[in-house]
Amino acid sequence: LSQMATSQERVKAEAIIKRYGRTSLARMALFDDKAYYFSPGGSVIAYAAYNGAAVALGDPVGPPSDVSAAIAGFKAFCARNDWLPAFYQTQPDCLECYSDNGFKSLNIGSEALVDLAGFSISGGANKGLRSAYNRLVRLGYRAVTLLPPHDPVLLSELRAISDTWLAHMQGKEKRFSLGWFDEAYLQSGPLMVIYSPEDRPVAFANFVPEYQRSEISIDLMRHLPGEHGIMDFMFVSLFEWAASQGYASFNLGLSALSGVGEQPTDPNIERALHYIYENVNQFYNFKGLHEFKSKFHPNWSPRYLIYPNPAALPSIALALNSASSGGDFLDNYLLPLKDKLTHRQEIA
């Protein structure tokens with residue numbers, strides 16, 4: 001089972017993350033499903049430990065000069081606990097530090113980053129998006145951004161939307177790199193609520209800060225089944241609000257497996273994941289999510305899984321799946337393919 005942080009550790013972690021956080025994962029590091037490693041140099045690493053592996057969420061958060069030392073410290077900390085160390089959804093600018101500490105990297109997808117100053121629904125390339133947005137405006141839909149504290153009656157209505165959305169998706173709440181419906185969490189920041197022509201809430205999203213970066217993201221994004229184009233309407237509204245608040249960019253989150261293993265020279269394990277992306281769409285709509293985000297013309301920034309060696313990947317996948325408690329793709333597809341992947345690594 002994962003370790004539990006003390007209340008004092010949570011206060012210390014929050015102070016560091018608010019001072020140095022610069023990614024869409026920074027807020028997720030503050031949830032109570034994380035434990036913390038603190039480096040002597042002033043960094044914090046949020047992690048979950050299961051099944052003999054400790055998976056850190058993102059890169060170390062702290063002074064930039066301390067990144068490599070924090071990675072080395074976490075590696076030694078895991079060794080003392082007999083855990084395999086790993087880092088999930090790391091940024092490209094830290095790859096050299098991981099390599100210097102003896103780790104390998106696996107590209108697991110890209111985050112979609114929208115430049116708000118350059119975003120517009122005008123022009124021929126945005127005809128479909130513009131039509132969907134304008135149609136809902138004409139029908140009487142409206143987007144409202146609400147600042148905390150939020151009305152408990154509204155949160156009750158949003159919970160009903162969330163429950164309906166989860167049932168429709170035949171899914172359950174995930175954790176670790178995502179938040180879950182929790183009223184205290186939703187009270188911690190702004191919400192955007194989409195109201196129908198009948199003035200009923202039909203969709204919502206919560207804004208997530210990145211602290212020291214002029215970028216904002218969302219976490220929960222849930223809607224009632226029904227009106228076509230409601231998500232296009234919501235995202236255009238989200239971008240307009242974020243731009244009005246002075247943010248430079250909007251993070252649409254990870255597009256899992258996009259761009260992974262497309263080149264013949266890519267590592268065999270990445271090419272196996274590309275095969276999944278191309279052929280296992282009936283289980284996870286990787287392509288659909290990627291295509292939806294692509295319509296907003298984002299810049300794509302790669303994200304990585306950092307791991308010690310190929311033999312550790314199945315244990316790390318199990319730990320990641322346990323942490324997210326939602327059937328992560330690395331568990332569903334990497335483990336059934338582990339013999340194939342191991343064989344490919346041996347002959348590569």
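Residue positions are given per chain, counting from 1 as you read along its sequence in written order. Given that the model is predicted, a residue must reach a pLDDT of at least 70 before its local features are reported, and side-chain atom pairs must reach 80 or more before they are shown or counted; all residues, however, enter totals for whole chains, interfaces and linings. Processing note: side-chain calculations cover all non-hydrogen atoms of the structure and skip hydrogens and water entirely.

**Student:** Honestly, helix α10 (residues 313–324) in this entry has me stumped. Any pointers?
**Tutor:** Owing to its 3.6 residues per turn, the α-helix aligns residues three or four sequence positions apart on the same side. A helix here means a DSSP run of H or I that spans at least four residues, while a strand means a run of E at least two residues long, and both kinds are numbered starting from the N terminus. In a helix, the anticipated span is given by 1.5 Å times the number of residues less one. Spanning twelve residues, α10 covers 16 Å between terminal C-alpha atoms, matching the ideal 16 Å at 1.5 Å per step. Only protein chains enter the calculation, and the probe is 1.4 Å; a residue is then buried if its accessible area is under 20% of its type maximum, exposed if over 50%, and partly exposed in between. Where burial is concerned, most of α10 is hidden: nine out of the twelve residues are buried. Along α10, the residues that are buried comprise Leu313, Pro314, Ile316, Ala317, Ala319, Leu320, Asn321, Ala323 and Ser324.

**Student:** Whenever I open this one, the pattern of salt bridges confuses me. Can you help?
**Tutor:** Should a side-chain nitrogen of Lys or Arg be within 4 Å of a carboxyl oxygen of Asp or Glu, the pair is scored as a salt bridge. Taken as a whole, this structure holds six salt bridges when the rule is applied. We note a salt bridge from Lys18 to Glu14, for which the minimum N-O separation is 2.9 Å. Here Lys18 and its partner Glu14 are both found in helix α1 (residues 7–20), four residues apart, which amounts to about one turn of the helix. Taking the relative accessible area as the measure of exposure, Glu14 reaches 33% and is therefore partly exposed. The salt bridge partner of Asp232 is Lys295, with a shortest N-O separation of 3.0 Å. Taken together, the residues Asp232 in helix α7 (residues 230–244) and Lys295 in the loop between α9 (286–294) and β11 (299–307) connect sequence positions 63 residues apart.

**Student:** Can you help me understand α7 in this one?
**Tutor:** If you check α7, its first and last C-alpha atoms are 21 Å apart, about what 15 residues at 1.5 Å a residue would give, namely 21 Å. Of all 15 residues making up α7, twelve are buried, and the element is well covered by its neighbours. The complete set of buried residues in α7 reads Ile230, Met231, Asp232, Phe233, Met234, Phe235, Val236, Ser237, Leu238, Phe239, Trp241 and Ala242. Positioned one or two residues after α7, Gly246 has a phi angle of 90 degrees, which is positive.

**Student:** Help me understand the side chain of Asp219, please; the structure alone is not making it clear to me.
**Tutor:** Of note, Asp219 is situated in strand β9 (residues 215–223). The charge count includes Lys and Arg as positive and Asp and Glu as negative, but it does not include His or the ends of the chains. Although Asp219 lies buried, it forms no salt bridge, and the closest oppositely charged side chain, Arg222, sits 6.9 Å away as judged by the N-O distance. Whether two residues touch is decided by their heavy atoms; if any such pair falls within 4.5 Å, the residues are in contact. Each residue touching Asp219, except ones within four places of it in the same chain, is listed here: Met28, Leu178, Gly179, Trp180, Tyr185, Asn206 and Val208.

**Student:** In this structure, what is going on with the confidence of the model for the protein? I would like to understand it.
**Tutor:** Regions with low pLDDT should not have their predicted coordinates read in detail. Each residue carries a pLDDT score, the predictor's own confidence in it, on a scale running from 0 to 100. Looking at the protein, the pLDDT average stands at 84 and 82% of residues meet or exceed 70. Mean pLDDT across the elements of the protein ranges from a minimum in helix α12 (residues 338–347), with 42, to a maximum in helix α2 (residues 67–80), with 98. Between residues 279–284, whose pLDDT stays under 50, and residues either more than four places distant or in other chains, the model counts twelve contacts. A low-confidence stretch, residues 326–348 (pLDDT under 50), is modelled with 46 contacts involving residues beyond four sequence positions or located in other chains.

**Student:** How do you make sense of the sheet that holds strand β5 (residues 104–115) when you look at a structure like this?
**Tutor:** In a beta sheet, neighbouring strands are held together by backbone hydrogen bonds and run either parallel or antiparallel to one another. A pair of strands is treated as paired once DSSP finds two or more bridges between them. An order of β1-β2-β3-β4-β11-β5-β10-β9-β8-β7-β6 is seen for the eleven strands of this open sheet, with the pairing classed as mixed. Lying at the two open borders of the sheet, with one neighbouring strand each, are β1 (35–38) and β6 (142–146). Strand-to-strand, the axes of this sheet are offset by a mean angle of 30 degrees, without reference to chain direction. Both strand β4 (residues 84–90) and β11 contribute to a ladder of three bridges, which runs antiparallel. Residue pairing for β11: Tyr88 is matched across the bridge by Leu305. Convention adopted: a line fitted to C-alpha atoms gives each axis, helices being fitted over their contacting stretch, and angles between N-to-C directions are expressed from 0 to 180 degrees. Packed onto the sheet, α2 meets β1, β2 (44–50), β3 (53–57) and β4 and runs at close to 140 degrees relative to β4.

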